[in-house]
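Coordinates in review
Here is what each chain is made of, one letter per residue.
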Amino acid sequence: MSTKGFGTPRQLFKYTGELSPGVVSPERSVPSHVMRSRYADDGIPKEKQPQKPWQIEIKSEEDIEAMRISGRLAREVLDIAGRTAEAGASTDDIDAVVHDETLKRGAYPSPLNYGGIPKGLLYLAPMIPLRPAEINEILGHGIPDSTVLNSGDIVNVDVTVCYNGFHGDCSETFLVGEVDAEASRLVRVTYECLHLAIAICKPGIPYAGIGKTIQGHADMNDFAVFKDGVGHGIGQAFHTTPDVLHFANNVNNGIMREGHVFTIEPMINEGSARGVIWPDGWTAATKDGKRSAQFEHTVLITEEGAEVLTGRLPESNPLTFLEERE
């Protein structure tokens, strides 16, 4: 904020769409019986990071079984959160549901105080409602607040839970009420980008292949890939190697090996591939104020290919953007 003389303070930061921060509620508590993450008290991750980007942990069978459990719990919470993403609900309402459902499962909401994040729901990002102006342009890292969803919105909900010391991470973009055809197409193409990328994953494949696959499908559909959002290794560390780039690249971030576990989480934009960061230091918005969508899974490399640890369940929310195409 800045003032000149005795005039009204002027907001210096220029938001690229109609959204601006709402009111953030107090940090939610975690009961003592829930195993807390190692960064819960001071916000500082404790795991030692590899020195080279191609140095990637190979999980033991015990680790993998623990991650299957945390992945399943994350999926259950995400499905419940998705049913809460309706017109009239605030993003803080959804955060409250995610927090409570995570604790019911004896898990810790991983984003809570990770690097100082004040909420347990990271990346909750309301996207453009059906209105004359493109008003809702959040890419990710949105902090849940009093912002209310409207019919026509698309909203990404990203859930990560930590159970018995292991993280499970997934996200989906949900349609709120009736959305326009182009919003539905954006969401569908983003979903396809994720699953096309998963389909190439197997031992011996360079991680750079993921970005090439996603970029190719986005380009073919006249959408752009947000280049600053990356997937990541995951396990007892919330974020570690490999860095999974979602755009075409030749970066040596390693070769897939059996036992690697990581996320793929492309953010696909209607317009510019570039973004801006809000003054809160977390929220990323599209530079041109146009829409963005995202999907994410936690993936395990197996002997024969890939296993999705956060896969959809029979009772998961219907993918209406796919049904509309049929």
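The structure under discussion appears in the preceding block.
Reference entry: report on the structure contained in this document. (Residues numbered from 1 in each chain as written. Predicted model: local features only at pLDDT ≥ 70, side-chain atom pairs only at ≥ 80, totals over all residues. Heavy atoms only, no water.)

**A few points about the packing of aromatic side chains**
Our working definition: What counts as a ring pair is set by centres within 6.5 Å for rings of Phe, Tyr and Trp (its six-membered ring), and what kind of pair is set by the plane angle: stacked under 30 degrees, edge-to-face over 60, tilted for all other angles. Burial classification: accessible surface area is computed with a 1.4 Å probe over protein chains only, and a residue below 20% of its type maximum counts as buried, one above 50% as exposed, and the rest as partly exposed. Charge-over-ring contacts are defined here by two conditions on Lys NZ or Arg CZ: a distance within 6 Å of the ring centre and an angle within 35 degrees of the ring normal.
For the structure on display, the rule yields seven aromatic pairs. With centroids separated by 4.7 Å and ring planes inclined at 75°, the aromatic side chains of F13 and Y15 adopt a geometry described as edge-to-face. When its relative accessible area of 24% is taken as the criterion, F13 is described as partly exposed. Through successive ring pairs, a cluster of aromatic residues spans Y39, Y114 and F238. Here K227 stacks its cationic end above the ring of F247, 5.5 Å away from the centre of that ring.

**Let's talk about the nonpolar core**
Nonpolar side chains in soluble globular proteins tend to be buried together. Test applied: Among buried residues, those of type Ala, Val, Leu, Ile, Met, Phe, Trp, Tyr and Cys that are joined through side-chain atoms within 4.5 Å constitute a nonpolar core. Secondary structure elements are taken from DSSP: a helix is a run of H or I of four residues or more, a strand is a run of E of two residues or more, and numbering for both begins at the N terminus. By definition in these notes, contact holds between two residues if any of their heavy atoms fall within 4.5 Å.
In this structure, I210, I214, F262, I264 and I268 are the most contacted members of the largest nonpolar core, which totals 33 residues. In terms of residues, this core owes the most to one element, helix α3 (residues 181-199), which gives nine residues. Here I264 is in contact with L194, A197, I198, C201, I210, I214, V244, H246, F295, E296, H297 and V299, once residues within four sequence places are set aside. Counting residues in hydrophobic clusters, the runner-up holds 17 residues, among them I94, V98, V157 and F174.

**Some remarks on helix α4 (residues 208-220)**
Note the following rule: Helix span, expected: 1.5 Å multiplied by one less than the number of residues in the helix.
In this model, α4 (13 residues) spans 19 Å end to end at C-alpha, consistent with the 18 Å of a helix rising 1.5 Å per residue. Taken together, the buried positions of α4 are A208, G209, I210, G211, I214, Q215, H217 and A218. Summarising the contacts, the buried residues of α4 are in contact with α3, β6 (224-225), β8 (240-244), β9 (261-264) and β10 (267-269). D222 sits one or two residues past α4 and shows a positive phi near 65°.

**Side note on the environment of E86**
Note that E86 resides in the loop between α1 (61-84) and α2 (91-104). C-alpha separation for the pair E86 and V155, spaced 69 residues apart in sequence, amounts to 9.6 Å. Those residues in contact with E86, other than ones at most four positions away along the chain, are L149 and V176.

**Notes on the sheet that holds β6**
The condition that has to hold: Paired strands, as defined in this entry, are two strands with at least two bridges between them according to DSSP. Orientation is described by lines fitted to C-alpha atoms, with helices fitted over the stretch in contact, and by angles between N-to-C directions that extend from 0 to 180 degrees.
Within the open sheet, the three strands sit side by side as β6-β10-β13. Their pairing is antiparallel. Of all strands in the sheet, those bounded by a partner on one side alone are β6 and β13 (292-294). Strand direction decides the pairing type here: β10 and β13, joined by three bridges, are antiparallel. Pairing of M267 across the sheet is with Q294, part of β13. Sitting on the sheet, α3 is in contact with β10 and β13, with an inclination near 40° to β13.

**Here's the deal with the pairing of strand β4 (residues 154-163)**
With respect to burial, β4 is a largely interior element, nine of its ten residues being buried. In terms of strand pairing, strand β1 (residues 108-109) meets β4 through two bridges, oriented antiparallel. Each residue of the ladder has a partner; that of Y108, found in β4, is C162. Pairing of β4 with strand β5 (residues 166-175), which is carried by ten bridges, proceeds in the antiparallel orientation. The residue of β5 that forms the bridge with C162 is H167. The hairpin formed by β4 and β5 contains two residues between the paired strands, and N164 there has a positive phi angle of roughly 50°.

**Description of a negative patch on the surface**
Here is the rule: Patches here are clusters of residues that have more than 30% relative accessible area and form no salt bridge, with a 9 Å joining cutoff for like charges and a 5 Å cutoff for nonpolar side chains (Val, Leu, Ile, Met, Phe, Trp, Tyr). For accessible areas, the Shrake-Rupley method is used with a probe of radius 1.4 Å. Any residue's cover is judged against the shown protein chains and nothing else. What counts as a salt bridge is simple: a side-chain nitrogen of Lys or Arg found within 4 Å of a carboxyl oxygen of Asp or Glu. We score Asp and Glu as negative and Lys and Arg as positive, and we do not count His or the chain ends. One atom stands in for each charge, and that atom is NZ of Lys, CZ of Arg, CG of Asp or CD of Glu.
There is a patch of like negative charges on the surface, built from E61, E62, E258, E303 and E304. On the secondary structure map, E258 appears in the loop between β8 and β9. Judged by its relative accessible area of 43%, E258 is partly exposed.

**Things to note about the packing of α1 against α2**
Working note: a packed helix pair is described by the angle between its axes plus the distance between those axes. Rules: Roughly parallel covers angles under 35 degrees, roughly antiparallel covers those over 145, roughly perpendicular covers 65 to 115, and oblique covers all other angles. Helix crossings are classified by the rotation of the near helix relative to the far one: an anticlockwise turn of less than a right angle makes the crossing left-handed, while a clockwise turn makes it right-handed. The residue classification treats Ala, Val, Leu, Ile, Met, Phe, Trp, Tyr, Cys and Pro as nonpolar and Asp, Glu, Lys and Arg as charged. All others, Gly included, are polar.
Axis separation between α1 and α2 bottoms out at 9 Å; the angle between their running directions is 150°. Taken together, the axes of α1 and α2 are roughly antiparallel relative to one another. Crossing of α1 over α2 shows right-handed handedness. Contacts between α1 and α2 involve V77, I80, A81 and T84 on the former and, on the latter, I94, V97, V98, E101 and T102. Considered class by class, the residues forming the contact of α1 with α2 number six nonpolar, two polar and one charged.

**Let's talk about the pattern of salt bridges**
Considering all chains together, one arrives at 19 salt bridges under this definition. Among the ionic pairs, R105 bridges to E101, the shortest N-O distance being 2.8 Å. Since its relative accessible area comes to 21%, R105 is described here as partly exposed. Between E270 and R291 there is a salt bridge, with the nearest N and O atoms lying 3.0 Å from each other.

**Examining the pairing of β8**
Most of β8 is tucked away, with four of its five residues classed as buried. Relative to β8, strand β7 (residues 231-233) runs antiparallel, the two being bridged by three bridges. Paired with H232 across the bridge in β8 is D243. Connecting β7 to the next strand, β8, in antiparallel fashion are six residues.

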